[in-house]
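# What the coordinates show
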Amino acid sequence: MRALTNEKASGLPAGRILKYYLYKATKGVEFYRPIMYLFFLAQGLSFTEIAILEVIYNLTTLLGEIPTGYIGDRIGRRQSLLVGTTLITVTLVGIGFADSFLPLAGLYVLWSMGYNFRSGSEDAWLYDTLSDEDSTDNFAHIRGRGEAVSMAVGVGAAVLGGYLGSIDLSYPWFVAAGVTGMGIIVLLTLDEPESFEQEESDELSLRQTVGIVSDVLGHPTLRAFLLYYYVLYAAVSYLVFIFFQPVFQTVVLDFGVSQSLVESLLGWFYAAYSLVGALLSYYTGAIKRVVGLQTWFVVLPFAVGTTLVAMYFVPILALPTFLLIRGLSDVTRSLAGQYINDRIDSLGRATVLSAMAMVSGLAVIPFQLGSGLISDTVSPLFALGVGGIVLLIGSTVILLWETPVTDEQPDTRSGGRHQEEQV
């Protein structure tokens, strides 16, 4: 409540931001996340098949991100969020009933499409809403608070999901669907930002959209950052979420924990790292001011890469490593969103942000396939260690080539690109 009061006093659109926080609270992923991959393994899937599911998800992202972003720019941010949230709700119910690879593969296509509709439009709605009040500098701050709300709710959801999973691994999916569906009600109360409505987005042509995306992806201040964060770091850190559960299971069983307690312990562990993530996300704005974007993004890949390599040799390090990576992920995503949004215009914003997600989805595919094969051949710990080495080497090469992040503010406040760079 204090945060909302401060935002109101600062001239921020407190009513709309409160609704944004409510929407973030309905992201029910923590219900199923503690048991997600154990559920897939229980349906008889191998690590390779799980990796193929993730590839299907990312191929759908690759093919669908820009079209859904374009649709979001045409029909509006809220409408796009409504479509995406509805698709995700239906998909979660379907996964709870699925019992083999083929139906899960089809559901993964729908799941990815749902997030395609939400990925660019969510940040675009928030940034344009803040633009209405000349408060875009607060994007990372507000987005971080939103993630904190989502993860704070996720603390209890993870514990409940773990216990539900110990009864039946399908139950957490059904509960998550119900909570996610509540987001539809919240979204129906949102208004489109005035800055978006003034852009005459209904006249945005597909050719113009492609030009906007090409211009942004080739921009000198963004191309290195795209490779550094959206390609390399995002791809390696994504592997952590795939292999966390089997690694956790291996580590705790080696310490003599009963198999029957694994699901509930996973729930408590997910609650712990949701709490860590919520606390860090709450202070995203302070981190941006004190640490700075450049320092954060230069240090982060090396810290993560080193811990991934170290935990292969000392498996118990996997637990604090997962806490570290999960806790930092949402803060990093908010800071990346601030950096990108400051450097693009409102017209085509959702498409550009979707293009970033598309590139990230494409880059992660070889990592997923390779890590799945390595995990089946050696172990998930070894696959993550290899990922850490790739992250360390790749980050070093990019830094030697070009500085990916600068703390300097863009020349234009609302759009980010120089005025003479017309699309």
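This text follows the structure it describes.
A brief report on the enclosed structure follows. Starting afresh in each chain, residues are numbered from 1 along the sequence in its written order. Note on the predicted model: pLDDT of at least 70 is required for a residue's local features to be given, and 80 or more for side-chain atom pairs to be given and counted; whole-chain, interface and lining totals, by contrast, use all residues. Note that the side-chain values use all heavy atoms of the structure and ignore hydrogens as well as water.

## Quick notes on the overall build of the protein
Condition: The numbering of helices and of strands both runs from the N terminus, where a helix is a DSSP run of H or I of at least 4 residues and a strand a run of E of at least 2. Exposure is judged per residue with a 1.4 Å probe applied to protein chains only, and the accessible area is read against the type maximum: over 50% gives exposed, under 20% gives buried, and values in between give partly exposed. We call two residues contacting when some pair of their heavy atoms lies within 4.5 Å. Areas reported as accessible are Shrake-Rupley estimates using a 1.4 Å probe. Residue values count occlusion only from the protein chains shown.
Each helix and strand counted, the protein has 18 helices and zero strands in total. Residue burial in the protein is summarised as follows: out of 423 residues, 57% are buried. Summarising the internal contacts of the protein: among those between residues at least 6 apart in sequence, 87% fall at separations of at least 24. When the accessible surface of the protein is summed, it comes to about 16500 Å², and 65% of that surface belongs to carbon and sulfur atoms.

## Considerations on the pattern of salt bridges
Test applied: A side-chain nitrogen of Lys or Arg and a carboxyl oxygen of Asp or Glu constitute a salt bridge if their distance falls within 4 Å.
By the definition in use, this model includes four salt bridges. When the shortest N-O distance is used, the salt bridge between glutamate 147 and lysine 24 registers 2.6 Å. A residue pair is termed long-range when its members are at least 10 positions apart, and glutamate 147 in helix α8 (residues 139-167) and lysine 24 in helix α2 (residues 14-25) qualify at 123 residues. You can call lysine 24 buried: its relative accessible area is 1%.

## Quick word on the packing of aromatic side chains
Note the cut-off: Geometry of aromatic contacts follows a simple scheme: Phe, Tyr and Trp rings, the Trp one being its six-membered ring, pair when their centres are within 6.5 Å, and the pair is stacked under 30 degrees between planes, edge-to-face over 60, tilted otherwise.
Evaluated as defined, the whole model comprises 30 aromatic pairs. For the pair phenylalanine 97 and phenylalanine 174, a centre-to-centre distance of 4.9 Å together with 50° between the ring planes defines the contact as tilted. Here phenylalanine 97 is found in helix α6 (residues 77-97), whereas its partner phenylalanine 174 is found in helix α9 (residues 171-187), with 77 residues between them in sequence. The class of phenylalanine 97 is exposed, set by a relative accessible area of 63%. In this structure phenylalanine 174 comes out as partly exposed when scored by relative accessible area, which is 28%.

## Remarks on the nonpolar core
Let me state the cut-off plainly: Side-chain atoms within 4.5 Å are what join buried Ala, Val, Leu, Ile, Met, Phe, Trp, Tyr and Cys residues into a set we call a nonpolar core.
Membership of the largest hydrophobic core comes to 86 residues, with the highest contact counts inside it found for Phe40, Trp111, Trp173 and Phe297. With 18 residues, helix α12 (residues 223-254) is the largest single contributor of residues to this core. Residues within four places of tryptophan 173 in sequence aside, it is in contact with Tyr32, Ile35, Met36, Phe39, Phe40, Leu92, Ile95, Gly96 and Trp111. Ranked by size, the runner-up nonpolar core spans 15 residues in total, among them Leu82, Leu126, Val186 and Leu190.

## Here we look at a nonpolar patch on the surface
What counts, and what does not: Patches were defined on residues exceeding 30% relative accessible area and lacking a salt bridge, with like-charge contacts within 9 Å and nonpolar side-chain contacts (Val, Leu, Ile, Met, Phe, Trp, Tyr) within 5 Å.
A cluster of nonpolar side chains, contributed by Phe255, Tyr312, Phe313, Val314, Ile316 and Leu317, occupies part of the molecular surface with about 590 Å² of accessible area. Along the polypeptide, isoleucine 316 turns up in the loop between α15 (293-313) and α16 (318-341). Take isoleucine 316: its relative accessible area is 37%, and that puts it in the partly exposed class.

## Describing α16
The α-helix winds at 3.6 residues per turn, so residues separated by three or four positions along the chain end up facing the same way. Our working definition: The span expected for a helix works out to 1.5 Å for each residue beyond the first. Two axes are fitted around each residue, one to the seven residues ending there and one to the seven starting there, and the angle between them is reported as the bend at that residue.
In this model, α16 (24 residues) spans 34 Å end to end at C-alpha, consistent with the 34 Å of a helix rising 1.5 Å per residue. Its maximal kink placed at serine 329, α16 deviates by approximately 30°. Burial runs high along α16: 20 of the 24 residues are buried.

## Section: the environment of proline 320
Mapped onto the elements of the fold, proline 320 is located in helix α16. For the pair formed by proline 320 and tyrosine 273, sequence separation is 47 residues and the distance between their alpha carbons is 9.4 Å.

## Quick notes on the packing of α15 against helix α18 (residues 380-401)
For the record, the criterion: The convention used is that axes are lines fitted to C-alpha atoms, helices contributing only their stretch in contact, and that angles between N-to-C directions extend from 0 to 180 degrees. Working definition: roughly parallel below 35 degrees, roughly antiparallel above 145 degrees, roughly perpendicular at 65 to 115 degrees, and oblique for all remaining angles. What makes a crossing left-handed is the near helix being turned counterclockwise from the far one by less than a right angle; a clockwise turn instead makes it right-handed. Under the convention adopted here, Pro, Cys and the residues Ala, Val, Leu, Ile, Met, Phe, Trp and Tyr are nonpolar, Asp, Glu, Lys and Arg are charged, and Gly plus all remaining residues are polar.
Viewed as axis vectors pointing N to C, α15 and α18 meet at an angle of 150°, and their least axial separation amounts to 7 Å. If you check the angle between α15 and α18, you find them roughly antiparallel. Along this stretch, α15 crosses α18, giving a crossing that reads as left-handed. Every residue of α18 that contacts α15 at Val298, Pro301, Phe302, Val304, Gly305, Thr306, Leu308, Val309, Met311 and Tyr312 is listed here: Leu381, Phe382, Leu384, Gly385, Gly388, Ile389, Leu391, Leu392, Ser395, Thr396 and Leu399. Looking at side-chain class alone, the contact of α15 with α18 contains 15 nonpolar, six polar and no charged residues.

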